[in-house]
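Survey of secondary and tertiary structure
Letter by letter, the chains look like this.
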Amino acid sequence: MTELSWKPHPGPQAGSGRPRLGQVLITRDQIAGRVTALAGEIVACYDHRDRESFELVIVAIMTGSLIFLADLVRALPLPVRMAIMMVSNYPGATTKAQGVRINYDLQEDVAGKDVLVVDDILDSGQTLSVVVDLLRRREARSVRTCVLLDKILPTPKRICPDFVGFPIPDRFVVGYGLDYDNRFRNYPQIAVLEV
Ligand code: IMP
Ligand code: MG
């Protein structure tokens, strides 16, 4: 298959030093290999064989997890139900956390269910800890967390995820679902955003 080259976003201020794709940190092939391995780790963790009624409720944090989610669930040979929440911490054209906001809440009853929260990236951990607290208050049977990327920070995080795809340096990254101002989500690998 011939690869088409990726065109930069025109953006509102075209030509004036707008944010653009920088160094590729994780390639398509590396992502694909790791997602398959992560799915294996997740299956091994749920001892579901004894329970006829076992179902895993996947709670995806939109919109960043969209592409990771699509690949991950197709590699999981488990009965799953899928639910979404829309949560934002970096809305619009910013690379600084603005405080966690739930923009769309879950429509699924999680009481008594095994829940796996899936997000694109763990930075401070604020987003995931807000969601996990909420699911615990709603009496989920178990709540585990899975992120594709975990930023290595000098300060301790509010939460330690159960499943991590890749640890990455403390840079703002885009691609494979991750955005800057809702752009670059369809770039198929993980790249540093150059500002
Ligand atoms: P936290 O709440 O500080 O852990 O940030 C996690 C959320 O912020 C994720 O769900 C992402 O949507 C967003 N985020 C954090 N870092 C990045 C990044 O480097 N690129 C794109 N989105 C990010
Ligand atoms: Mg997010």
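Since the structure is predicted, the reported quantities are computational estimates derived from the model, not experimental observations. (Residues numbered from 1 in each chain as written. Chains lettered and ligands numbered in written order. Predicted model: local features only at pLDDT ≥ 70, side-chain atom pairs only at ≥ 80, totals over all residues. Heavy atoms only, no water.)

Observations concerning the nonpolar core
To be explicit about the condition: Working definition of a nonpolar core: buried Ala, Val, Leu, Ile, Met, Phe, Trp, Tyr and Cys residues. They are joined through side-chain atoms within 4.5 Å. Remark: exposure states derive from per-residue accessible area (1.4 Å probe, protein chains only) relative to the maximum for the residue type, with buried under 20%, exposed over 50%, and partly exposed in between. Secondary structure elements follow DSSP: runs of H or I no shorter than four residues count as helices, runs of E no shorter than two count as strands, and numbering proceeds from the N terminus. Only heavy atoms enter the contact rule, under which two residues are in contact if any of them lie within 4.5 Å.
The biggest cluster of nonpolar side chains holds 32 residues, and the ones touching the most others in it are I42, F68, L72, C146, L149 and I190. If one sorts the elements of this core by residue count, helix 1 (residues 28-45) sits on top with five residues. The residues contacting L149, other than those within four sequence positions of it, are I26, D120, I121, L122, F166, I168, V173, L178 and I190.

Some remarks on the environment of P161
Mapping P161 onto the fold places it in the loop between strand 6 (142-151) and strand 7 (163-168). A relative accessible area of 11% places P161 in the buried class. For P161, the contacting residues outside a window of four places in its chain are L122, T145, V147 and D150.

Points about the sheet that holds strand 6
For clarity, the cut-off: Should DSSP find at least two bridges between two strands, the strands are regarded as paired. Under this scheme, a helix contributes an axis fitted over its contacting stretch, all axes are lines through C-alpha atoms, and angles between N-to-C directions fall in the 0 to 180 degree range.
Here six strands make up an open sheet; going across it, the order is 4-3-2-5-6-7 and the pairing mixed. Pairing within the sheet leaves two strands with one partner each, and these edge strands are strand 4 (101-104) and strand 7. Geometrically, the sheet is characterised by an average inter-axis angle of 30° between neighbouring strands, direction not taken into account. Here strand 2 (residues 56-62) runs beside strand 3 (residues 80-88); their pairing, made up of seven bridges, is parallel.

Focus on the packing of helix 1 against helix 2 (residues 66-74)
How two helices sit against one another is set out by the angle between their axes and by the gap between those axes. Stated precisely, the cut-off is as follows: Throughout this description, any angle smaller than 35 degrees is read as roughly parallel, any larger than 145 degrees as roughly antiparallel, any in the 65 to 115 degree range as roughly perpendicular, and the remainder as oblique. For a crossing to be left-handed, the near helix must be turned anticlockwise from the far one by less than a right angle; the clockwise case is right-handed. Residue polarity follows a fixed list, in which Ala, Val, Leu, Ile, Met, Phe, Trp, Tyr, Cys and Pro are nonpolar, Asp, Glu, Lys and Arg are charged, and the others, Gly among them, are polar.
Taken N-terminus to C-terminus, the directions of helix 1 and helix 2 make an angle of 60°; their axes are 9 Å apart at the nearest point. The angle between the axes of helix 1 and helix 2 places the two elements in the oblique class. By crossing handedness, the relation of helix 1 to helix 2 is classed as right-handed. Here helix 1 contributes V35, L38, A39 and I42 to the contact with helix 2, which in turn contributes F68, D71 and L72. Residues of the contact of helix 1 with helix 2, tallied by class, amount to six nonpolar, no polar and one charged.

Quick look at the side chain of S142
Selection rule: Nitrogen and oxygen atoms within 3.5 Å of one another constitute a polar contact, given that in protein one can donate a hydrogen and the other can accept it, and given that sequence-neighbouring residues count only through two side-chain atoms.
Structurally, S142 can be placed in strand 6. Within the local environment of S142, its side chain forms a polar contact with the side chain of D114, the two groups lying 2.6 Å apart. Discounting residues that sit within four places of it in the chain, S142 has contacts with Y46, K113, D114 and V115.

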